[in-house]
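Breakdown of the fold
What follows is the residue order along each chain.
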Amino acid sequence: QGLLVESGGDLVQPGGSLRLSCAASGFTFSIYTMRWYRQVPGKERELVALITNTGVNTNYADFVKGRFFISRDNAKNTVYLQMTNLKPEDTAIYYCYAPTRLGVWGQGTQVTVSS
C-alpha cells in the first residue's frame, strides 16, 4: 500500500521560509510523479506543486509560483517542498500524495504563518 510521512511544518513569521519533507516507503517511489497539496479547514484540498518521477519537470499552482520549490531525492525516497516568502494565506496543513494504484496520502504537517 505504501506510507508517506511528512515533516517540517512549523510556526513561522511572514516572509520566512520552511522546508517540508515527505519520506516514502512501501512502494516504488522513483516511478511516481509526486504531489504536494494543502488544505485549510472548511475548504477543499488544493494542489500546490508536483514533480515528475525523474525530477526533470515540475509544476506549481499560481499562488506559489516563484516562492515554493519542489524537489526529490529518489535515493532517499523523499520529496521536498522549499517554501520561501511565506504569507499568512499559506497557513494550512500540507500533504504529500503518491498516485499509486490505490493512492497514498501522508498524515499532513501543519504550517502556520503568523506574526
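Within each chain, residue numbers correspond to sequence positions counted from 1 in written order. Residue-level local features of this predicted model are given only where pLDDT is at least 70; pairs of side-chain atoms are given and counted only at 80 or more, and the full residue set underlies all totals for whole chains, interfaces and linings. In computing side-chain values, all of the structure's heavy atoms are included and hydrogens and water are not.

**A few points about the pattern of salt bridges**
Every case where a carboxyl oxygen of Asp or Glu lies within 4 Å of a side-chain nitrogen of Lys or Arg is listed as a salt bridge. Applying the stated criterion to the full structure yields four salt bridges. The partner of arginine 38 in a salt bridge is aspartate 90, with the nearest N and O atoms 2.9 Å apart. Of the two residues, arginine 38 is situated in strand β4 (residues 34–39) and aspartate 90 in the loop between β8 (78–83) and β9 (92–98); the sequence distance between them amounts to 52 residues. Grouping residues by exposure puts arginine 38 and aspartate 90 together as buried. Where arginine 67 meets aspartate 90, a salt bridge forms, and the shortest distance between an N and an O atom there is 2.7 Å. A helix here means a DSSP run of H or I that spans at least four residues, while a strand means a run of E at least two residues long, and both kinds are numbered starting from the N terminus. Burial classes follow relative accessibility: with a 1.4 Å probe on protein chains only, a residue under 20% of its type's maximum area counts as buried, one over 50% as exposed, and anything between as partly exposed.

**Side note on the state of the cysteines**
The term disulfide is used for any two cysteine sulfur atoms that are within 2.5 Å. Under the criterion given, the structure shown has one disulfide. Across a sulfur-sulfur distance of 1.9 Å, cysteine 22 and cysteine 96 are joined as a disulfide pair. Judged by the sign of its S-S torsion, about 65°, the cystine formed by cysteine 22 and cysteine 96 is right-handed. Taken together, the residues span a long stretch of sequence, with cysteine 22 in strand β3 (residues 18–25) and cysteine 96 in strand β9 at a distance of 74 residues. In terms of burial, cysteine 22 and cysteine 96 fall into one category: buried.

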